[in-house]
Amino acid sequence: MNNILIVACGEFGATLKAGRKLGELVSGAVIEGKEKRDIKEYDIIVLGTNIRFNKFNKRFFKWLKAVKKADKPLYIYICGAEIEAQESHIQRMREEAPFANDIRYVWGELDASKAKRFKKYAIESFIEGRKKDGLSKPRILDKEIRELAASIKE
Ligand SMILES: Cc1cc2nc3c(=O)[nH]c(=O)nc-3n(C[C@H](O)[C@H](O)[C@H](O)COP(=O)(O)O)c2cc1C
């Protein structure tokens, strides 16, 4: 069986939650981006990132570099709040990681209660804006996670 490492590079827990769901499906070890692990000990690496002001997580890029250097099979999932923009994020990620076997947008979760000051304000106004536009509240897409799990197991 393959030894799988899932690295969740997020901040408020949604990226980690998605990583744990995936971890259960593929029997992988799940860690956060700030933790350390020797990727040489794993056969497959999955990197998850959140999106912040249209940017992927900084720690994600560090891990990406290490995975590239170690030449390990790579899978990526992206957590964001705007599902309407998923194609552009996937496209951008393809340019960052052309060697990735699969890239999924799993959507995410937004919870203003976990944030402080301007971040809290940013989240609140974002949630309010979506409501006004009649757009649904972000949630983690189990279907995308299941499909990613299937693609990893192939
Ligand atoms: C300050 C802030 C800025 C964000 N900017 C974006 C953004 O530009 N685009 C987007 O799709 N989601 C954005 N989000 C939403 C997060 O990417 C989304 O909620 C994700 O699930 C968060 O994952 P995490 O809980 O692991 O940090 C932002 C969230 C915060 C708190």
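For the structure, see preceding data.
Attention now goes to the overall build of the protein chain. A tally of regular secondary structure across the protein chain gives 5 helices and 6 strands. Put simply, the protein chain runs from its N terminus to its C terminus through helices and strands in the order β-α-β-β-β-α-β-α-β-α-α. The C-alpha atoms of the protein chain give a radius of gyration of 15 Å, which matches the 15 Å a tight globule of 154 residues would have. By principal-axis analysis of the C-alpha atoms, the protein chain measures approximately 45 × 30 × 30 Å. Of all 154 residues assigned to the protein chain, the portion counted as buried reaches 36%.

Moving on, we come to the site of the ligand. In the vicinity of the ligand lie 23 residues, with Gly10, Phe12, Thr15, Gly80 and Gly108 positioned nearest. Counting residues per element, the ones that place at least two in the shell around the ligand are helix H1 (14–26), strand E3 (44–52) and helix H4 (117–132). Partitioning the shell around the ligand into residue classes produces 11 nonpolar, 7 polar and 5 charged.

Another point: the environment of Asn101. As for its position among the elements, Asn101 is in the loop between helix H3 (86–96) and strand E6 (102–105). Sequence separation of Asn101 and Ile76 is 25 residues, and the distance between their C-alpha atoms is 8.1 Å. Contacts of Asn101, omitting those with residues within four sequence positions, involve Pro73, Leu74 and Tyr75.

The biggest cluster of nonpolar side chains holds 39 residues, and the ones touching the most others in it are Val46, Leu47 and Ile76. At the level of secondary structure, the elements contributing two or more residues to this core comprise strand E1 (4–9), H1, E3, helix H2 (58–70), strand E5 (74–79), E6 and helix H5 (142–153). When residues no more than four places from it in sequence are discounted, the contact partners of Ile76 are Leu47, Met93, Ala97, Ala100 and Ile103.

We now examine the environment of Asp38. Inspection of the secondary structure puts Asp38 in the loop between strand E2 (29–32) and E3. For Asp38, a count of 9 C-beta atoms within 10 Å gives the class exposed. For the pair Asp38 and Ala66, spaced 28 residues apart in the sequence, the C-alpha separation amounts to 9.6 Å.

What follows is about the pairing of E6. With 4 bridges joining them, E5 and E6 adopt parallel strand pairing. Note that in E6 the partner of Ile78 across the bridge is Tyr105. A crossover links E5 with its parallel partner E6, the connecting element being H3, and its sense is right-handed.

Two numbers describe how H1 lies on H5: the axes approach to 9 Å, and their chain directions differ by 45°. With respect to their mutual orientation, H1 and H5 come out oblique. The two elements H1 and H5 meet at a crossing, and its hand is right-handed. Residue-level inspection shows Ala18, Lys21, Leu22, Leu25 and Val26 of H1 in contact with H5, the latter providing Asp142, Ile145, Arg146, Leu148, Ala149, Ile152 and Lys153. Partitioning the contact of H1 with H5 into residue classes produces 8 nonpolar, no polar and 4 charged.

Across the 6 residues of E5, 6 count as buried, placing the element largely inside the fold. Neither face of E5 is exposed, since Leu74, Ile76 and Ile78 on one face and Tyr75, Tyr77 and Cys79 on the opposite face are all buried. As judged from the 6 bridges shared by E3 and E5, these two strands associate in the parallel manner. When the bridges of E5 are listed, Gly48 appears paired with Tyr77.

The rules behind each value
Residues numbered from 1 in each chain as written. Predicted model: local features only at pLDDT ≥ 70, side-chain atom pairs only at ≥ 80, totals over all residues. Helix = DSSP H or I, 4+ residues; strand = E, 2+ residues; numbered from the N terminus. Rg over C-alpha atoms; globule rule 2.2 N^0.38 Å. Buried ≥ 20, exposed ≤ 12 C-beta atoms within 10 Å, placed from the backbone. Near = placed C-beta within 6 Å. Nonpolar A, V, L, I, M, F, W, Y, C, P; charged D, E, K, R; others polar. Contact = placed C-beta atoms within 7 Å. Core = buried A, V, L, I, M, F, W, Y, C linked by C-beta atoms within 7 Å. Pairing = 2+ DSSP bridges. Right-handed = clockwise from strand over helix to strand, strands pointing away. Axes fitted to C-alpha atoms, helices over the stretch in contact; angles between N-to-C directions. Parallel < 35°, antiparallel > 145°, perpendicular 65-115°, else oblique. Left-handed = near helix turned anticlockwise from the far one by under 90°.

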